[in-house]
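Here are the chains, one letter per residue:
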Amino acid sequence: MDFLLVYLLEVSVCLGVTLLIYRVILSELTFFAVNRAVLLLLLASSFTIPLLSFQVFGIGGADVVREMTLPAFQVGEQETLTSDQVPLWSRLAVGIYLLGAILMAARLVFGFILSQRLIGKAQKIRHGSHLIALHPEFVPASFFRYILMPSFDPEDDAQKQIILHESMHVAYRHSWDLLLVNMVKVVFWFNPLIYLFERSLREVHEYQADQGVEDLADESPRVGVEDIFDLDLDFALGLSCAA
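Just so it is clear, the model here is predicted, and its values are computed rather than measured.

Asks: Can you tell me about the pairing of strand 1 (residues 123–127), naming the residues and giving the values?
Replies: Both strand 1 and strand 2 (residues 130–134) contribute to a ladder of five bridges, which runs antiparallel. Within strand 2, the residue paired with His 127 across the bridge is His 130. Hairpin connection between strand 1 and strand 2: a loop of two residues separates the two successive antiparallel strands, and Gly 128 in this loop has a positive phi of roughly 70°.

Asks: Break down the packing of aromatic side chains for me, citing the residues and quoting the values.
Replies: Enumeration according to the criterion identifies nine aromatic pairs in this entry. Between the aromatic rings of Phe 112 and Phe 143, the centroid separation amounts to 5.8 Å while the plane-to-plane angle is 50°, which identifies the pairing as tilted. Linking Phe 112 in helix 4 (residues 88–121) with Phe 143 in strand 3 (residues 141–143), this pair joins segments that are 31 residues apart in sequence. A residue is classified by how much of its surface remains accessible, and Phe 112, at 34% relative accessible area, is partly exposed. Look at Phe 144 and Trp 176: their rings are 5.0 Å apart centre to centre, the planes differ by 80°, and that puts the pair in the edge-to-face class. Note that Phe 144 is positioned in the loop between strand 3 and strand 4 (146–149) and Trp 176 in helix 6 (residues 174–187), a separation of 32 residues in sequence. Trp 176 gets classed as exposed once you look at its relative accessible area, which sits at 51%. These aromatic residues form a ring-pair network of at least three members: Phe 47, Tyr 97, Phe 188, Trp 189 and Phe 190.

Criteria and thresholds
Residues numbered from 1 in each chain as written. Predicted model: local features only at pLDDT ≥ 70, side-chain atom pairs only at ≥ 80, totals over all residues. Heavy atoms only, no water. Pairing = 2+ DSSP bridges. Helix = DSSP H or I, 4+ residues; strand = E, 2+ residues; numbered from the N terminus. Phe/Tyr/Trp six-rings, centres within 6.5 Å; stacked < 30°, edge-to-face > 60°. Buried < 20%, exposed > 50% of the residue type's maximum accessible area, 1.4 Å probe, protein only.

Shown next, in the form of structure tokens:
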């Protein structure tokens, strides 16, 4: 129980340090693909560094401790710490934490099921290489391989621009990043830093998608919005990555 609380605290500290490093050093850079990779790497590091530190100090310092510490002798009967002897505040803290984690997990699962159900009811059309799901309750967004729209007019240039932007989110698989972050939020629902981390990642996603659209336009300066929209998505992704 104490190990869980200590581990959560150490991960929170690592998350704060890594987020500060990103904000101070990397957030102003325009290499958005690199920023995205660094953010995901920092998130993974925040979880693994405390575990590695336990192993390093536990193994590296064990021999020194055994050489310098005299044997301990137990006088009288040895008492075993029972669950009733665990401090009340510790049990209460763990109980509140587990309750919050369960609620966050239920929210994540329910939201995913609701999204899948709405997509199942939505009208699906394929326009060029784009798979578009239409439903009145949708706002323009992407969800894994789907582009979500409340309605679609193939003659509306503004909607074509929105879909082109959302297609970049689909091509870069940004939904997987957000799924990972939401799973982490189940564990660290109490930590405001994870929400700041999520906001930073969403900002990078938007910049990366905008850059993908701009790179595509730069590679095809004579091509209008209508023609860019009809390009094959794999070709568009190849152009934006090569730029």
